[in-house]
Amino acid sequence: MFNIKYLPIKKKLSMIIMTSALLAVVLLSSVFVVYEYISLRNSIIKEFSTTSKIIANRSHAALLFSDKATLQENVDSLKIHDDVAATCLYNEADDILAFFSKNAHPETKADCPIHPSRNLNHFDDKYYQISQPIVVDGEPMGLLYIKVSLRSLNGHLSTYVIATAVFSLIIILAVFIFSSYLQNFITTPLLLLKNTARQVTKNKDYTLRASKESHDEIGDMVDTFNEMLATLQEQNKTIIDDAESLELKVGERTKELAIANQELEAFSYSVSHDLRSPLRAIDGFSKALLEDYGHELDHSAHDYLKRVRKASQKMGELISSLLQLSRVTRKELKDTHFDLSDMVMTIVHQLQEQDPERIIDIQIQPEMYIMGDEQLIEVALDNLIGNAWKYSKYEKFPKIEIGYYIENGHTIYFVKDNGAGFDNKYSKNLFTAFQRLHSPEQFEGTGIGLATVFRIIQRHHGEIWAKSVLDEGATFYFTLYDNRPQAGETKSFSSGTNPDIKTNTGKTNPAENNGNE
Amino acid sequence: MISHLAKSITCILILLLTLFCSAAFARSENEIKVVYLYNFIKFIKWPQEPTTNNITICLYGENTFGDAIEKLNTLKARNRSLVVIYPDSDKDSIGEDINCSVVFIGPLEDKIADDLLTKIDSNPVLTVSDIDSFTDKGGIIGFIKLGNVVKFDINLKQARSSNIQISSKLLELANHVIQ
């Protein structure tokens, strides 16, 4: 469908101008033609009313004296007028006294009406008819009837119409040419602006400027547009500069990181190979010394050698932990779906085997299916459950609980013990390597375990945190591919066994439970 | 018998009808002259014409018009009533106290007619007559007969000297105009 909205502005302008011009010309021509027609008619009416009056007046005497020759003479005087088709003169009884007709058969008197109207003044397509009563001395004596052909009037009028049409066409053409030229004053700056805008959009080149062609509203628009471009250019430059410097910085950091990584790897390598073999040598030769020359050595030498062996073994463990930490950091994640409860059970079983005389109340939430890297999660749980195992060793009724709960859509796993616990103000240092809250005499350890756990959870895009009351136990919470609930968040939904609520209900509960057992 | 009678009755009826028609439509010469006389007045202008006055038509000599002339008494010309009077046509009293606007001279002795014209002389009186060559004798309008058609001559010279204006329309129709 034709829609004016989709026309280019140039065509719209043309349409507006041409429509207005056409309307004006047509109206003006119509007025002229109508005026011409009316004035022509009026002039005919005027001319023939005068003429008929003159002829009627001249015919007074001839009519009174029935002088047909004179009447005929009077009537014939109108013959010289080209437009008069017929003239007839009647007496009061409507008898034709004199007439002439320019028709082919003048004798038939066809052009003379039999009973003409007394005050005829009538136009039709071809003829104008007028009748003029002849009144002598206040007494009607007869009637003069004139029939005027309108052929010449119509001819004149049609010539006039044609001339007007031709002139109108010329005017319209002139208007079209002029407007086509003049509308460039509006469209050219607009087109330039449009093209510039398009180029800017296409090439993202903000250095372009639209040229100002006029000093009107469009000129103002061009100015505003250019100012806008300048602002854009400036901002773009800032952004690009920032991005460049940022990229440069990132590049530098990446390089540094790569170097550091390389160094770390080199260090790991040297630790695993270069440090371990001398350690093994120390431990091995100490052992050999004890076995081969043990009988020659005294008691304190034995004791020293045992200490050397113990220290070297501890150092080996430390190196293993460090290697594990670095492995955990670099290992490729392989996510699978597996049962966490199974894994926990296996770990507890292993710990029980290593430490068969300990009796610990262990509660494991069944069917905890999670998504994660099985190996890494096992390392993490190894550490967490191992810690719980380790820090509850001085407890009379040790208890470890592993489970999960859901709060506001976040699934939170926890490992809870009723062991030594720690002071809450140090909870932030927990996950830093080599930061220990207890003395090695009390609880042995490398100080790397929780750092490793932290790394593993971090690599699973989760969070880990801990809560504790000194001497009353500690709870470690972690999430996987999930955030922990915000501190200020109102708990709109929760399910599962939240360990916090349990501890709040009463500290004596575990003791009672154990007592019942 | 009956058919014969009917035939003759029809014949008589047709004859009567024809006679009646001819009497009704064919105007006699005298009637035409009376109408002409009336029409003349319409194209004549006298000096000092009071609108209230009647136009007096004086008829001298023998009345050849018969009753037709009496019709003029009922007519008006230019809003003035026409009055026809018959002054004495005696030798002595002729032309005395002439107050006529129009004088029609009927068939009279030539001498009396001449006297009358002499008396009227250049007074503003329209003189009309059907005397032969009346205009040559000093009359203003004289009827003539060309074949069966009644026409008239006009002595414009005499009319001018009498201060009577004759419309050109009338002059146009005259058979002969003496200037």
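A brief report on the enclosed structure follows.

So, how was this worked out
Numbering of residues begins from 1 in every chain and follows the order in which that chain's sequence is written. Chains and ligands are labelled by the order in which they are written, letters from A for the one and numbers from 1 for the other. Side-chain atom pairs in this predicted model are given and counted only at pLDDT of 80 or more, local residue features only at pLDDT of at least 70, and totals for whole chains, interfaces and linings cover all residues. Each side-chain value is derived from all of the structure's non-hydrogen atoms; neither hydrogens nor water enter the calculation. Here a strand is any run of E in DSSP of at least two residues, a helix any run of H or I of at least four, and the numbering for each starts at the N terminus. Burial here depends on accessible area, computed with a 1.4 Å probe over protein chains only, as a share of the maximum for the residue type. Under 20% is buried, over 50% is exposed, and the range in between is partly exposed. In this analysis, two residues are considered to be in contact whenever any of their non-hydrogen atoms come within 4.5 Å of each other. To be clear on the numbers: accessible area is Shrake-Rupley with a 1.4 Å probe, and residue cover counts the displayed protein chains and nothing else. Any two strands between which DSSP finds at least two bridges are classified as paired. Helix axes use the C-alpha atoms of the stretch in contact, all axes being lines fitted to C-alpha atoms, and the angles between their N-to-C directions lie in the range 0 to 180 degrees. What makes a salt bridge here is a side-chain nitrogen of Lys or Arg within 4 Å of a carboxyl oxygen of Asp or Glu, nothing more.

### Points about the overall build of chain A
Phase 1: Looking only at helices and strands, one finds 12 helices and 13 strands in chain A.
Phase 2: A total of 517 residues make up chain A; the buried ones form 37% of that total.
Phase 3: Residue pairs in contact within chain A that sit at least 24 positions apart in sequence constitute 66% of those at least 6 positions apart.
Phase 4: Working note: accessible area of chain A is about 32,000 Å², and carbon and sulfur atoms make up 58% of it.

### Focus: the sheet that holds strand E2 (residues 96–101) of chain A
Residues and elements named next belong to chain A.
Phase 1: Pairing is antiparallel in the open sheet, where 5 strands are placed in the order E2-E1-E5-E4-E3. Both edges of this open sheet fall to E2 and strand E3 (121–123), since each of them pairs with a single strand only. Taken over all neighbouring pairs, the strand axes of this sheet differ in orientation by 10 degrees on average, direction set aside.
Phase 2: Sheet topology note: the E3/strand E4 (residues 127–136) ladder contains 3 bridges and is antiparallel. Opposite Asn121, over in E4, you have Ile130 as the bridge partner.

### Details of the pattern of salt bridges
Residues and elements named next belong to chain A.
Phase 1: One pass over the full model with this rule turns up 9 salt bridges over all chains.
Phase 2: Between Asp223 and Lys212 there is a salt bridge, with its nearest N and O atoms 2.7 Å apart. With Asp223 in helix H6 (residues 217–293) and Lys212 in the loop between helix H5 (184–203) and H6, this pair connects stretches of sequence that are 11 residues apart.
Phase 3: Classification of Asp223 by relative accessible area gives partly exposed; the value is 28%.
Phase 4: You can call Lys212 partly exposed: its relative accessible area is 36%.

### Side note on the pairing of strand E11 (residues 464–469) of chain A
Residue and element names in this part refer to chain A.
Phase 1: Strand direction decides the pairing type here: E11 and strand E12 (residues 473–478), joined by 6 bridges, are antiparallel. Within the sheet, the bridge partner assigned to Ile464 lies in E12 and is Phe478.
Phase 2: The turn linking E11 back onto E12 is made up of 3 residues, and Asp471 within it adopts a positive phi angle of 70 degrees.

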